[in-house]
Amino acid sequence: MNDAASEIRVERSGRQGVYLLRLPDADPARLTFSEIAPGHIAIDYSFVPPRYRGRGVALELIRRAVADAREQGFRITPLCGYVAAEFRRHPEWADVLAGRPPAA
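None of the values given here were measured: they were computed from a predicted structure.

The rules behind the values
Residues numbered from 1 in each chain as written. Predicted model: local features only at pLDDT ≥ 70, side-chain atom pairs only at ≥ 80, totals over all residues. Heavy atoms only, no water. Pairing = 2+ DSSP bridges. Helix = DSSP H or I, 4+ residues; strand = E, 2+ residues; numbered from the N terminus.

**A word on the pairing of strand β3 (residues 29-37)**
Piece 1. Where strand β2 (residues 16-21) meets β3, six bridges bridge the pair, whose relative direction is antiparallel. Following the sheet pairing, Gln16 is matched in β3 by Ser34.
Piece 2. The pairing of β3 with strand β4 (residues 40-47) spans seven bridges and is classified as antiparallel. Across the sheet, Phe33 pairs through a bridge with Ile43, a residue of β4.
Piece 3. With antiparallel pairing between neighbouring strands as the criterion, β3 and β4 make up a hairpin whose turn holds two residues, including Gly39 at a positive phi of roughly 75°.

The following block contains the structure:
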């Protein structure tokens, strides 16, 4: 996905939120999250329409959440199985993973 991060929107309603990426002729791809404590979100669901799977769409959504966590100073708990698997594949994201000590 070229330059997908710039097209990703974040919508919040209270302590709930969603990262959305509009896709042509399909429902938007999304990651849903809940703020479970100040400075801490849990990503609980990811969805990419079937015709867009395998193209790195969900990975772009996660990368945006990681970038936001770094910029805004929050931690992430990946409850969604796919998101948790991507965190295991990307040890460079450990700095925003909840339960890890902050970098010195």
